[in-house]
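Observations on the three-dimensional arrangement
So the chains spell out like this:
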Amino acid sequence: MANRFILNETSYHGSGAINEIPTEVKARGFQKAMVCSDPDLIKFGVTKKVTDLLDEAGLEYVIYSDIKANPTIENVQKGVKALQDAKADYIIAIGGGSSMDTAKGIGIIDRNPEFADVRSLEGVADTKNPCTPILAVPTTAGTAAEVTINYVITDAQKDRKMVCVDPHDLPIVAFVDPDMMSSMPKGLTAATGMDALTHAIEGYITAGAWEMSDMFHIKAIELIAKHLRGAVENTPEGREGMALGQYIAGMGFSNVGLGIVHSMAHPLGALYDTPHGVANAIILPTVMEYNAPATGTKYKDIAEAMGVDTTGMSQEEYRKAAIDAVKKLSQDVGIPTDLKDIVKTEDLDFLSESAYADACRPGNPRETSVAEIKELYQSLL
Ligand SMILES: NC(=O)c1ccc[n+]([C@@H]2O[C@H](COP(=O)([O-])OP(=O)(O)OC[C@H]3O[C@@H](n4cnc5c(N)ncnc54)[C@H](O)[C@@H]3O)[C@@H](O)[C@H]2O)c1
Ligand SMILES: [Fe+2]
């Protein structure tokens, strides 16, 4: 079978990337934007960095901010109405995964109204039309939603996160500007950065990985291992390295899939509103140990990309070295080591079943089961 690869049509990288927005808008002949951005970003003036540019250029827009972290079906449906009421012909998504994913859901339904219930979009949906054009401006260095064909929406009634996979949702232009990320507090920088590392590691060992995705993932691991500590300290090099590292991870995993770290993290976001990156970071080393037998020599590459000299190491030693390097990074940036303060034991069956049903699970390199996933959760309590 042929391997498919999908990336943004255009992307801008580096400090000042957002200054290209008005030029792109004018060149594409767009008339009126709906800016999708969550309430905190508006409050802290992050969204304003972009809307100031629109104002200066005389470009018309409305703002939609009914978006919560781990966004819901309702956030998307209200957004569709807001977009259509405003008669906006494109979307500027400014934010982390939550704002960008909401924008994707809105844009998909605007152009494919038969999916207005949102639930029918879970998994791979048979949409006919590309979404309303989206220009994406990430403000976290984590999800890479600006370059992925995925979006994640929470079904609050069923306490489930729905992973939606659809090439029609891909933003046409991404503006990956580290200056948009510099206002992130330490904890958020750490959590979102560990989400990016999880994408790179799960993407590197996922069932569908191949030479081209490997190339992106190994570079992403190297950049994230080198720059996450600096980003947490808010150094310009750290921010720049993480902006790039998380994007490159997205170029890879969007095209090949992930694994059960994400499958196990999603129910925690749905049930307890656990920040996505925190959930992934806590689970990652445990699942790396579980998956090790199904990864051939790949942990050697991961250990080396994380700065470990693996010369002379046995397979057991380099596998342990890769896992230890991940644990050390996680600890250095202040991530908790277990799920004790998050998971309630009475929820374990629901969490394990939900993780097994998650769209990322089939990508896991090792065959798994509801019972084994439950054991993995239990080992973290
Ligand atoms: N589409 C994908 O491919 C993909 C991949 C992974 C995760 N996700 C989803 O993305 C969501 C998580 O996104 P996220 O981790 O980027 O966080 P987020 O978008 O949920 O934002 C978390 C909080 O951080 C704040 N914030 C964001 N940027 C900031 C900045 N620069 N300064 C100050 N505060 C800032 C936000 O206002 C919000 O309160 C989850 O729903 C997750 O499931 C999507
Ligand atoms: Fe993620």
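Structure report, in brief. (Residues numbered from 1 in each chain as written. Chains lettered and ligands numbered in written order. Predicted model: local features only at pLDDT ≥ 70, side-chain atom pairs only at ≥ 80, totals over all residues. Heavy atoms only, no water.)

Topic: the environment of Ile282
Tracing the backbone shows Ile282 in helix α10 (residues 276–291). For Ile282, a relative accessible area of 3% corresponds to the buried category. Each C-alpha atom of the pair Ile282 and Glu367 lies 21 Å from the other, and the pair is 85 residues apart in sequence. Excluding residues that lie within four positions of it along the chain, Ile282 makes contacts with Ile335, Pro336, Thr337, Asp338, Leu339, Ile342 and Leu380. (Helix = DSSP H or I, 4+ residues; strand = E, 2+ residues; numbered from the N terminus. Buried < 20%, exposed > 50% of the residue type's maximum accessible area, 1.4 Å probe, protein only. Contact = heavy atoms within 4.5 Å.)

Observations regarding the sheet that holds strand β6 (residues 134–138)
Read from one edge of the open sheet, six strands run β1-β9-β6-β4-β2-β3, paired in parallel fashion. Only two strands of the sheet have a single neighbouring strand rather than two, namely β1 (10–13) and β3 (60–64). Between one strand axis and the next, the sheet turns through 15° on average, direction left out of account. Bridging between strand β2 (residues 32–36) and β3 involves five bridges; their strand directions are parallel. Following the sheet pairing, Lys32 is matched in β3 by Glu60. Across the face of the sheet, helix α1 (residues 21–28) comes into contact with β1, β4 (90–95), β6 and β9 (173–176) while running at roughly 170° to β9. (Pairing = 2+ DSSP bridges. Axes fitted to C-alpha atoms, helices over the stretch in contact; angles between N-to-C directions.)

Some words on the pattern of salt bridges
Within this structure, the stated rule accounts for 23 salt bridges. Here Lys128 makes a salt bridge to Asp126, at a shortest N to O gap of 3.0 Å. In this pair, the class of Lys128 matches that of Asp126, namely exposed. What you see here is one network of salt bridges that share partners, running through Glu9, Glu24 and Arg28. (Salt bridge = Lys/Arg side-chain N within 4 Å of Asp/Glu carboxyl O.)

As for the pairing of β4
Among the six residues in β4, six count as buried, and that is most of the element. The alternating pattern of β4 places Tyr90, Ile92 and Ile94 and Ile91, Ala93 and Gly95 on opposite faces, both of which are buried. As defined by bridge partners, β2 adjoins β4 across four bridges and the pair is classed as parallel. Residue pairing for β4: Ala33 is matched across the bridge by Tyr90. Two elements, β4 and β6, share five bridges in a ladder whose sense is parallel. Counted as the bridge partner of Ala93 is Ala136 from β6.

So, helix α5 (residues 97–111)
Here α5 spans 21 Å end to end across 15 residues, near enough to the 21 Å set by a 1.5 Å rise per residue. Counted residue by residue, α5 has 14 buried out of 15 residues, so it is predominantly covered. (Expected span 1.5 Å × (residues − 1).)

Description of the coordination of the iron ion (ligand 2)
In the first shell of the iron ion (ligand 2), the protein supplies Asp195 (OD), His199 (NE2), His262 (NE2) and His276 (NE2), at 2.1 to 2.2 Å from the metal. One can describe the site at the iron ion (ligand 2) as irregular: its four donor atoms subtend angles covering 84 to 171° at the metal. In the primary structure, the donors to the iron ion (ligand 2) are separated according to the pattern D-x3-H-x62-H-x13-H. A residue pair is termed long-range when its members are at least 10 positions apart, and His199 in helix α6 (residues 186–205) and His262 in helix α9 (residues 260–272) qualify at 63 residues. Each member of the pair His199 and His262 is classed as buried. (Donors = N, O, S within 2.8 Å, 3.2 Å for Na, K, Ca; no water. Tetrahedral: all angles 85-135°; square planar, octahedral: opposite > 155°, others 65-115°.)

As for the packing of α10 against helix α14 (residues 370–379)
Running from N to C, α10 and α14 point in directions that differ by 135°, and their axes come no closer than 10 Å. As summarised for this structure, α10 and α14 are arranged oblique, according to the angle between their axes. As for how α10 packs across α14, the hand of that crossing is right-handed. In this structure, α10 contributes Thr286, Val287 and Tyr290 to the contact, and α14 contributes Glu372, Leu376 and Ser379. (Parallel < 35°, antiparallel > 145°, perpendicular 65-115°, else oblique. Left-handed = near helix turned anticlockwise from the far one by under 90°.)

Structural notes on the packing of aromatic side chains
Across all of its chains, the model carries four aromatic pairs by this definition. Taking the centre distance of 6.1 Å and the plane angle of 75° together, the rings of Phe5 and Trp210 count as edge-to-face. In this pair, Phe5 is assigned in the segment before β1 and Trp210 in the loop between α6 and α7 (211–232), connecting sequence segments 205 residues apart. Aromatic pair Phe5 and Phe216: ring centres 5.6 Å apart, planes at 20°, arrangement stacked. Linking Phe5 in the segment before β1 with Phe216 in helix α7, this pair joins segments that are 211 residues apart in sequence. What makes Phe216 buried here is its relative accessible area of 12%. Site record: aromatic cluster; members linked through ring pairs are Phe5, Trp210 and Phe216. (Phe/Tyr/Trp six-rings, centres within 6.5 Å; stacked < 30°, edge-to-face > 60°.)

Read these as spatial facts, not as claims about activity.
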